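# Fold and contact review
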Amino acid sequence: MDKTAICNQALLEAEVDKTITSVETDNSIEAGRMRRIYAPTKQECLTAGEWTFATKYISLSPIEKTDSSPYSNTFSYPSQALRVLSVFTDDNAVKANEPILDMVEATTADGSSKIICCDAEQPIALCIVDVKDELLPPAFCHYFYVSLALKFAKLSGASNDIKNRLNNEKQQAFYECGALNATVANNRIYDSDVNYYVDVRG
């Protein structure tokens, strides 16, 4: 699905009787709101799980150590990464699926950049990265446009019935992604507000 198709599906989910011709150029209120919430909602959805279609291994680039952490080395946060899932010491550790347990994500002293601190010399990070709209799997698109519909409903002052329905549908859509998402099997959702996984088992 392309961006406009995803937005129109979200409007349908939100019970809005309008269709956008082009989300980038339409002057309608609906298109304007979608432009405002589209990118942050997509990023939230991508960082909510360990999506197999959105993961990429990236070699970390060393930078001068200026922090007071107890780790030997400091690396810049990968520019492509929406979120770092794991860090490995080298290719052999990647193949064995043995991530570094003793590492931290931090910020530079002036707070301007994110960094990764660990003792490895040439670490490799497993990251969640952005994916073109047209390449998003159908199951993820469902989760995405329902999440988008919920954001739109809140922004538009929709009824509580609509917002509650969309919130429940969003949770169900997350689990329907199944094999696309490693966190589903463990009943966990990554909460970007607190930066860790939340157990959602009943």
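Residues numbered from 1 in each chain as written. Predicted model: local features only at pLDDT ≥ 70, side-chain atom pairs only at ≥ 80, totals over all residues. Heavy atoms only, no water.

## So, the environment of E24
Along the chain, E24 turns up in the loop between α1 (3-13) and α2 (29-46). Residue classification places E24 among the partly exposed residues on the basis of a relative accessible area of 49%. When the C-alpha atoms of E24 and T4 are compared, they prove to be 8.1 Å apart, with 20 residues separating the residues in sequence. Other than its neighbours up to four places away in sequence, E24 contacts K3 and R35. Separated by 2.7 Å, the side chains of E24 and K3 make a polar contact. (Helix = DSSP H or I, 4+ residues; strand = E, 2+ residues; numbered from the N terminus. Buried < 20%, exposed > 50% of the residue type's maximum accessible area, 1.4 Å probe, protein only. Contact = heavy atoms within 4.5 Å. Polar contact = N/O pair within 3.5 Å; in protein donor to acceptor, adjacent residues only side chain to side chain.)

## Digging into the sheet that holds strand β4 (residues 81-88)
Within the open sheet, the 3 strands sit side by side as β1-β7-β4. Their pairing is antiparallel. Each having just a single partner strand, β1 (55-59) and β4 make up the two edges of the open sheet. Strand-to-strand, the axes of this sheet are offset by a mean angle of 35°, without reference to chain direction. In terms of strand pairing, β4 meets strand β7 (residues 124-129) through 6 bridges, oriented antiparallel. The residue bridging V87 from the neighbouring strand is A125, located in β7. (Pairing = 2+ DSSP bridges. Axes fitted to C-alpha atoms, helices over the stretch in contact; angles between N-to-C directions.)

## Quick notes on the nonpolar core
Membership of the largest hydrophobic core comes to 37 residues, with the highest contact counts inside it found for I6, M34, W51, F140, Y143, L148 and L166. Sorting the residues of this core by element identifies α1, α2, α4 (138-156) and α5 (160-176) as the ones contributing at least two each. Sort the elements by how many residues they give to this core and α4 lands first, with 11 residues. By size, the runner-up hydrophobic cluster in this structure holds 14 residues, among which are I58, A81, V84 and V87. (Core = buried A, V, L, I, M, F, W, Y, C linked by side-chain atoms within 4.5 Å.)

## A look at the pairing of strand β6 (residues 114-118)
For β6, the buried fraction is high: 4 of the 5 residues fall into the buried class. The pairing of strand β3 (residues 73-76) with β6 spans 4 bridges and is antiparallel. Its bridge partner lying in β6, N73 is registered against C118. The pairing of strand β5 (residues 104-107) with β6 spans 4 bridges and is antiparallel. Each residue of the ladder has a partner; that of V104, found in β6, is C117. Turn length for the β5-β6 hairpin, with the two strands adjacent in sequence and antiparallel, is 6 residues, and the turn residue G111 shows positive phi of about 75°.

## Some details on α2
Between its first and last C-alpha, α2 extends 26 Å over 18 residues, near the 26 Å set by a 1.5 Å rise per residue. For α2, the full list of buried residues reads E30, A31, M34, I37, Y38, T41, K42, C45 and L46. Contact partners of the buried residues in α2: α1, β4, β7 and α4. (Expected span 1.5 Å × (residues − 1).)

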